[in-house]
Amino acid sequence: MLRLIVNRLLLGVLTLLAVSVLIFVCTQILPGDVATAVLGQGATPEAVALFRKELGLDTPAWLRYWNWFVGALQGDLGVALTNKRVILDEILPRLRNTMFLAAYAALIAIPVAVGLGVFAAINEGKLSDRLSNILTLVAISLPEFFVAYLLIIAFAVGVDWFPSLSTVSPGMPLGERVYQSTLPAITLTLLVMAHMLRMTRSSVLSVMSTPYIEMAFL
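Residues numbered from 1 in each chain as written. Predicted model: local features only at pLDDT ≥ 70, side-chain atom pairs only at ≥ 80, totals over all residues. Heavy atoms only, no water.

### Thoughts on the overall build of the protein
- Scanning the protein for helices and strands turns up 10 helices and 0 strands.
- Going from N to C terminus, the protein has its helices and strands arranged as α-α-α-α-α-α-α-α-α-α.
- With the C-alpha coordinates of the protein rotated into their principal frame, the extents come out at 80 × 50 × 35 Å.
- Counting all 218 residues of the protein, 19% fall into the buried class.
- Long-range contacts, defined here as pairs at least 24 residues apart, represent 60% of the contacts in the protein between residues at least 6 apart.
- As presented, the protein carries roughly 15,400 Å² of accessible surface, and 72% of it is formed by carbon and sulfur atoms. (Helix = DSSP H or I, 4+ residues; strand = E, 2+ residues; numbered from the N terminus. Buried < 20%, exposed > 50% of the residue type's maximum accessible area, 1.4 Å probe, protein only. Contact = heavy atoms within 4.5 Å. Areas by Shrake-Rupley, 256 points an atom, 1.4 Å probe, with all protein chains shown as cover.)

This is the structure we're talking about:
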């Protein structure tokens, strides 16, 4: 198990590295750069060259990526080229909110999806199994933003149970934060739960078809 965890962690690190290289290369291939985007098309070549030098865009691309990579390993993601704000300070508050929302959705999705997946597998071919397959396919097919709109219309506009706009602040109590995040969490839960339910059903059916399970039934 330890070896599997280490392999997955290393694979995740390599994936992040490959994604960062791919994004950096794609931004270099695209026409223009941050200097021309900020100054606009009416800027003079001298102003663009001066701004590029100020942003460090006059250095080779590999050197800019290497400087960013070394800084990222030390926990320094640098400064945004457009507004000069520290990137880490901008990301951390949003990352906390994202992790809270993901944990909230997981607390709902995991037990419900696993329970319904086992129930559907046990009742394979019956009405409950067919109904779960249809509902999960519908949930997977619907875009998340469309599901969010439907939930807003039903629970924010129709019955006024939850706010249509979820706004959280650092000093907000846990109960208020949970209340504000309920509709977004349900939106995420519907999609995650549909995928997880189908995977659970498939895994349980695979286990139930093994020889030792058949022997146990016999």
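### A word on helix 3 (residues 45–55)
- Three or more residues of helix 3 are buried, namely Val-48, Phe-51 and Leu-55. For helix 3, the buried positions fall inside an angular range of 70 degrees around the axis, keeping them on one side. Along helix 3, the residues that are exposed and aim more than 90 degrees away from the buried face are Pro-45, Glu-46, Leu-50, Lys-53 and Glu-54.
- One or two residues past the end of helix 3 sits Gly-56, with phi positive at roughly 85 degrees. (Arc of directions from axis to C-beta.)

### Some points on the side chain of Ser-20
- Structurally, Ser-20 is set in helix 1 (residues 2–29).
- On the accessibility criterion, Ser-20 (17% relative accessible area) is buried.
- In this structure the side chain of Ser-20 is engaged in a polar contact, spanning 2.9 Å, whose partner is the side chain of Tyr-65.
- In this structure, Ser-20 is in contact with Tyr-65 and Trp-68, ignoring residues within four places of it in sequence. (Polar contact = N/O pair within 3.5 Å; in protein donor to acceptor, adjacent residues only side chain to side chain.)

### Examining the packing of aromatic side chains
- Tallying each qualifying case throughout the model produces 8 aromatic pairs.
- Plain terms: the ring middles of Phe-24 and Tyr-65 are 5.4 Å apart, the flat faces sit at 50 degrees to each other, and that makes the pair tilted. In this pair, Phe-24 is assigned in helix 1 and Tyr-65 in helix 4 (residues 61–73), connecting sequence segments 41 residues apart.
- Considering the side-chain rings of Phe-155 and Trp-161, the 5.9 Å spacing of their centres and the 35 degrees angle between planes classify their relative orientation as tilted.
- You can call Phe-155 partly exposed: its relative accessible area is 27%.
- A network of ring pairs unites the aromatic residues Phe-24, Tyr-65, Trp-66, Trp-68 and Phe-69 as a single cluster.
- Over the ring of Phe-100 we find Arg-177; its NZ or CZ atom is 5.5 Å from the centre of that ring. (Phe/Tyr/Trp six-rings, centres within 6.5 Å; stacked < 30°, edge-to-face > 60°. Lys NZ or Arg CZ within 6 Å of the ring centre and 35° of its normal.)

### Points about the packing of helix 5 (residues 87–122) against helix 9 (residues 182–208)
- In the contact formed by helix 5 and helix 9, the axes pass within 6 Å of each other and the chain directions differ by 35 degrees. As for how helix 5 packs across helix 9, the hand of that crossing is right-handed.
- In the contact of helix 5 with helix 9, the residues fall into 23 nonpolar, 4 polar and 1 charged. (Axes fitted to C-alpha atoms, helices over the stretch in contact; angles between N-to-C directions. Left-handed = near helix turned anticlockwise from the far one by under 90°. Nonpolar A, V, L, I, M, F, W, Y, C, P; charged D, E, K, R; others polar.)

### Focus on the side chain of Thr-187
- Positionally, Thr-187 belongs in helix 9.
- Setting aside chain neighbours within four positions, we find Thr-187 in contact with Glu-144, Val-147, Ala-148 and Leu-151.

### Regarding helix 5
- Between the first and last C-alpha of helix 5 there are 50 Å, a value that for 36 residues agrees with the 52 Å anticipated at 1.5 Å per step.
- Packed against the buried residues of helix 5 are helix 6 (127–141), helix 8 (174–180) and helix 9. (Expected span 1.5 Å × (residues − 1).)

### Some points on the environment of Ala-105
- Relative to the helices and strands, Ala-105 resides in helix 5.
- Residue classification places Ala-105 among the buried residues on the basis of a relative accessible area of 7%.
- With 78 residues separating them in the primary sequence, Ala-105 and Leu-183 have C-alpha atoms 10.0 Å apart.
- Ignoring sequence-local partners within four residues, the contact set of Ala-105 consists of Ala-185, Leu-188 and Thr-189.

So yeah, pure geometry; function would need other evidence.
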